[in-house]
Amino acid sequence: MNDSEIVEKIHRLKKERNAVILAHNYQISEVQDIADYIGDSLGLSVTASKTDADVIIFCGVHFMAETASILSPDKIVLMPDINAGCPMADMITADALRSLKKEHQKAKVVSYVNTTAEVKAESDICCTSSNAVHVVESLKDIYEIIFVPDKYLGHYVSTKTNCKMIPWNGYCPSHVKILPEDILRQKKSYPEAKVIVHPECTQLADEALSTGGMYKYAKTSDASEIIVGTEIGMLYRLRKENPDKKFYPASERAVCPNMKLTTLEKILWSLEDMKYLVKVPRDIQVRAKRAVDKMIEIS
Ligand code: SF4
């Protein structure tokens, strides 16, 4: 079967199943092209919860499909490749977080959406890279904040707020590959370019932005050349939607192998066999949703 035959079959089955296909910004180009919605993990889950689709095909990593299941417990959430995990989300477990909470009983827990459902269920509130500062500021009377799992995002937030942060020692293995020397080299090659980076790797940037923020910046700023410090899959969408502008990767090494596991064939098989189901158990779903809803409320 060639790609266009696969695409045709996907469209037919999608209709039969009343399914919606969501693709994260870091997915391969073919997957982005077939998606109904492209975006960041939370934006996609919120969008999916508002559709009348019965089935959500989540092309991303495991915690993202879990977030979709948390927000849409009555929908069927499927991942085309169940092995697509997030090493950063796996750097903290619910048990480890419970122990930390015992050590800091007055602290509130802010967890990045890049966490498992179980960790979200142990958290007071979630945050994304775009609203983390705002979320922490909303906890103004709180003395200590346990921030999990990304130490770089935690550090970024601590520079913008006055809270005492207890950061977890987690990190994104793809974003840490973006080094200051990479940005300096690209700046030398493209001296007129603006530099935008994801807060998971804040380095020598004009702006630290979430992927959603990068998307808006590319559309609205006057910059005609932009050096982009995030996973390289983001460049496909930026280039496609802004053909008059030039985008350069801060580092070609910033690749998330888990984000590249989903393919057109796997999406087709997922729709054919209704696999692989991601369903968050009810007791965890209810507690995790509370933390996600709290964030949505204050955003
Ligand atoms: S890019 Fe980093 S944070 Fe995102 S899924 Fe991959 S490892 Fe996880």
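What counts and how
Residues numbered from 1 in each chain as written. Predicted model: local features only at pLDDT ≥ 70, side-chain atom pairs only at ≥ 80, totals over all residues. Heavy atoms only, no water. Near = heavy atom within 4 Å. Nonpolar A, V, L, I, M, F, W, Y, C, P; charged D, E, K, R; others polar. Salt bridge = Lys/Arg side-chain N within 4 Å of Asp/Glu carboxyl O. Helix = DSSP H or I, 4+ residues; strand = E, 2+ residues; numbered from the N terminus. Buried < 20%, exposed > 50% of the residue type's maximum accessible area, 1.4 Å probe, protein only. Pairing = 2+ DSSP bridges. Core = buried A, V, L, I, M, F, W, Y, C linked by side-chain atoms within 4.5 Å. Phe/Tyr/Trp six-rings, centres within 6.5 Å; stacked < 30°, edge-to-face > 60°. Lys NZ or Arg CZ within 6 Å of the ring centre and 35° of its normal. Polar contact = N/O pair within 3.5 Å; in protein donor to acceptor, adjacent residues only side chain to side chain. Contact = heavy atoms within 4.5 Å. Axes fitted to C-alpha atoms, helices over the stretch in contact; angles between N-to-C directions. Parallel < 35°, antiparallel > 145°, perpendicular 65-115°, else oblique. Left-handed = near helix turned anticlockwise from the far one by under 90°.

Asker: Report on the site of the ligand, specifying residues and quantitative values.
Answerer: Neighbouring the ligand are the residues Tyr 26, Val 61, Cys 86, Pro 87, Met 88, Asn 114, Cys 172, Pro 173, Glu 200, Cys 256 and Met 259. Among the residues making up the shell around the ligand, the classes are represented as nine nonpolar, one polar and one charged.

Asker: Any details on the pattern of salt bridges? Residues and values, ideally.
Answerer: One pass over the structure, following the stated rule, counts 15 salt bridges. A salt bridge links Glu 122 to Lys 101; the shortest N-O distance between them is 2.9 Å. Of this pair, Glu 122 sits in the loop between helix H6 (117-121) and strand E6 (125-127) while Lys 101 sits in helix H5 (residues 94-103), placing them 21 residues apart in sequence. According to the relative accessible area criterion, Glu 122 is buried, its value standing at 11%. Ionic contacts of the salt-bridge type, sharing partners, join the residues Asp 95, Arg 98, Lys 101, Glu 122 and Arg 287 into one network.

Asker: A description of the pairing of strand E5 (residues 108-112) should follow, citing residues and the corresponding values.
Answerer: Among the five residues that make up E5, four are buried, leaving the element largely enclosed by the rest of the structure. Of the strand pairs in this sheet, E5 and strand E7 (residues 144-148) are connected by four bridges, and their pairing is parallel. Looking at E7, one finds that Val 110 is bridged to Phe 147.

Asker: Lay out the sheet that holds strand E11 (residues 225-229) in plain terms, naming residues and giving numbers.
Answerer: If you walk across this open sheet you meet the four strands as E10-E9-E11-E12, and the pairing is parallel. The open sheet has two free edges, formed respectively by strand E10 (207-208) and strand E12 (246-249), since each of these has just one partner strand. Where E11 meets E12, four bridges bridge the pair, whose relative direction is parallel. Each bridged residue has a counterpart across the sheet, and for Ile 226 the counterpart in E12 is Phe 247.

Asker: An account of the nonpolar core is needed here, citing residue identities and associated values.
Answerer: If you look at the biggest cluster of nonpolar residues, it comprises 57 residues, and the most contacted ones within it are Ile 56, Phe 58, Val 110, Phe 147, Val 157, Val 228 and Met 295. The dominant element in this core, judged by the number of residues it contributes, is helix H4 (residues 62-71), at five residues. Residues Ile 21, Ala 23, Ile 34 and Leu 78 belong to the second largest nonpolar core, which totals 17 residues.

Asker: Describe in detail the packing of aromatic side chains, supporting the description with residues and values.
Answerer: According to the stated counting rule, one finds one aromatic pair in the structure shown. Measuring from centroid to centroid gives 3.5 Å for Tyr 190 and Tyr 248, while their planes differ by 5 degrees, and the two rings are stacked. With Tyr 190 in the loop between helix H9 (180-189) and strand E9 (194-197) and Tyr 248 in strand E12, this pair connects stretches of sequence that are 58 residues apart. Between Arg 237 and the ring centre of Tyr 215, over which it is positioned, the NZ or CZ distance is 3.8 Å.

Asker: Explain unusual backbone geometry residue by residue, including any values.
Answerer: The omega torsion across Val 148 and Pro 149 is -10 degrees, close enough to zero to call that bond cis. Of note, Pro 149 is situated in the loop between E7 and helix H8 (151-160). The linkage connecting Lys 275 with the following residue, Tyr 276, adopts the cis geometry, with an omega of -5 degrees. Assignment of secondary structure puts Tyr 276 in the loop between helix H12 (264-273) and helix H13 (282-298). Backbone geometry places Met 274, a non-glycine residue, at a positive phi of 55 degrees.

Asker: Give a detailed account of the side chain of Glu 144, specifying residues and quantitative values.
Answerer: Within the secondary structure, Glu 144 sits in strand E7. Within the structure, Glu 144 has its side chain in polar contact with the side chain of Lys 164 (distance 3.1 Å). Aside from chain neighbours lying at most four places away, what touches Glu 144 is His 104, Ala 107, Lys 108, Lys 164 and Ile 166.

Asker: Which residues make up the environment of Lys 101, and what values go with them?
Answerer: You can call Lys 101 partly exposed: its relative accessible area is 28%. Spatially, the C-alpha atom of Lys 101 lies 8.0 Å from that of Ile 146, the residues being 45 residues apart in sequence. Those residues in contact with Lys 101, other than ones at most four positions away along the chain, are Val 109, Glu 122 and Ile 146.

Asker: Describe the sheet that holds strand E8 (residues 164-167), naming the residues involved and giving the relevant values.
Answerer: What the four strands build is an open sheet, ordered E6-E5-E7-E8; its pairing is parallel. The sheet terminates laterally at E6 and E8, the two strands that pair on one side only. Each strand of the sheet is rotated relative to its neighbour by a mean of 30 degrees, with strand direction disregarded. Direction of pairing for E7 relative to E8: parallel, over a ladder of four bridges. Across the sheet, Ile 146 pairs through a bridge with Ile 166, a residue of E8. With respect to the sheet, H5 is in contact with E5 and E7, its orientation differing from that of E7 by roughly 165 degrees.

Asker: Give a detailed account of the packing of helix H10 (residues 211-220) against helix H11 (residues 233-241), specifying residues and quantitative values.
Answerer: For any two helices packed against each other, one specifies the inter-axial angle together with the distance between the axes. One can describe the packing of H10 onto H11 by two numbers: an axis separation of 10 Å at closest approach and a directional angle of 25 degrees. As judged from the angle between their axes, H10 and H11 are roughly parallel. Taken as a pair, H10 and H11 cross one another with a handedness that is right-handed. Residues Thr 211, Met 214, Tyr 215, Ala 218 and Lys 219 of H10 touch H11, and the partners they reach there are Met 234, Arg 237, Leu 238 and Glu 241. The residue inventory of the contact of H10 with H11, partitioned by class, reads five nonpolar, one polar and three charged.

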